[in-house]
Amino acid sequence: MNEIEKMFGGLYTGLPKEVETKDAKSDHEKDMIVEQSNFSANIPKRFAKTRLGDFSVPFLDEVKGLTSKKNSGALLVVSGPAGTGKSTFLTAMQHERAINGVGAGEYLVSHIIVPMIRASRSFAAKENEFELIQKYAKLPLVVFDELGASEDPKLEASFFRTVFALRYDNMLDTFVGTNLDAAGLKEFVAMGNNISKDPIIDRMNDVIIFKKLVSESHRGVKA
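Note on numbering: residues in each chain are counted from 1, in written sequence order. It should be noted that, the model being predicted, local features are given only for residues of pLDDT at least 70 and side-chain atom pairs only at 80 or more, the latter also being counted only at that level, while totals for whole chains, interfaces and linings use all residues. Side-chain numbers here rest on the full set of heavy atoms in the structure, without hydrogens or water.

1. A closer look at the packing of helix α8 (residues 153-169) against helix α10 (residues 199-207)
Then step 1. Lines are fitted to the C-alpha atoms to define the axes, a helix being fitted only along its stretch in contact, and any angle between axes, read from their N-to-C directions, falls within 0 to 180 degrees. Strands here are runs of E lasting at least two residues and helices are runs of H or I lasting at least four, both read from the DSSP assignment and numbered beginning at the N terminus. Running from N to C, α8 and α10 cross one another at 50°; their axes reach a closest spacing of 10 Å. One element, α8, and the other, α10, form an angle in the oblique class. As for how α8 packs across α10, the hand of that crossing is left-handed. Packed against α8, whose contacting residues are Arg161, Phe164, Ala165, Tyr168 and Asp169, the element α10 presents Ile200, Arg203, Met204, Asp206 and Val207 at the interface. Small angles under 35 degrees read as roughly parallel and large ones over 145 as roughly antiparallel, with 65 to 115 read as roughly perpendicular and the rest as oblique. If you view the pair so one helix is near and one far, a crossing is left-handed when the near helix is turned anticlockwise from the far one by less than a right angle, and right-handed when it is turned clockwise. Residues are treated as being in contact if the distance between any of their heavy atoms lies within 4.5 Å.

Spelled out as structure tokens, the structure:
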């Protein structure tokens, strides 16, 4: 008989079943939330199971707060060569936000942006360009992945500039994955304008958190 059993006269029979299984149930609930967020946030099947717990990156503690705070207005940019795990990390951040109840937002990859905008300019479009911009300006989070890699960089940059400016004003988080370095990203977004005088670049500088992935090991996520 252990000390607890002695205190209760031998009547102690352990923790109630609902308490013993709380952690397992919690894990199941988290998995369900992640599954739902994959659908609602348009997260690709390849990244359906990404979780922050599978990552070991030097800046994780610095950016993890963005998964639990609403309306911080940050611009998180994760840069690096192909294969370093940018998309994997950003979708893991989305999943963590969904679990924490602050919204996974929407995943938007570069090669989709240009066709989406062109379609919105069609007479028969379900959403016109203005409505499209307003939609992405109001989401709790937008993840622009592979930014700067589309077939029409000017159209892509113009869309990002407009959406980001509105999100900045509304203090909504924006995540970016890109192969561009910090200078290249600003040059892309400035669209030929003087970077030192561009108002959008000024807004970016105000809230940007620029991080770089350089090792393929960061891509190793548990199946």
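2. Some thoughts on the environment of Glu29
Then step 1. Within the fold, Glu29 resides in helix α3 (residues 22-40).
Then step 2. A 1.4 Å probe rolled over the protein chains alone gives each residue an accessible area, and that area as a share of the maximum for its type sets the label: buried under 20%, exposed over 50%, partly exposed in between. For Glu29, a relative accessible area of 42% puts it in the partly exposed group.
Then step 3. Residues Glu29 and Ile99, 70 residues apart in the sequence, show an inter-C-alpha distance of 8.8 Å.

3. Thoughts on the confidence of the model for the protein
Then step 1. Values of pLDDT, which run from 0 to 100, indicate the predictor's confidence residue by residue. Per-residue confidence for the protein gives a mean pLDDT of 87, with 85% of residues at or over 70.
Then step 2. Every residue in residues 1-25 scores below 50 in pLDDT, and together they form 7 contacts with partners more than four places removed in sequence or on other chains.

4. Some thoughts on the pairing of strand β1 (residues 75-79)
Then step 1. Across the 5 residues of β1, 5 count as buried, placing the element largely inside the fold.
Then step 2. What you see with β1 is no split at all: Leu75, Val77 and Ser79 on one side and Leu76 and Val78 on the other are buried throughout.
Then step 3. Note on pairing: two strands pair once DSSP finds at least 2 bridges between them. Relative to strand β4 (residues 173-178), β1 runs parallel, the two sharing 5 bridges. Residue Val77 lies in a different strand from β4, and its bridge partner there is Val176.
Then step 4. Pairing of β1 with strand β5 (residues 208-212) involves 5 bridges; the strand directions are parallel. Looking at the pairing, Ser79 lines up with Lys212 of β5.

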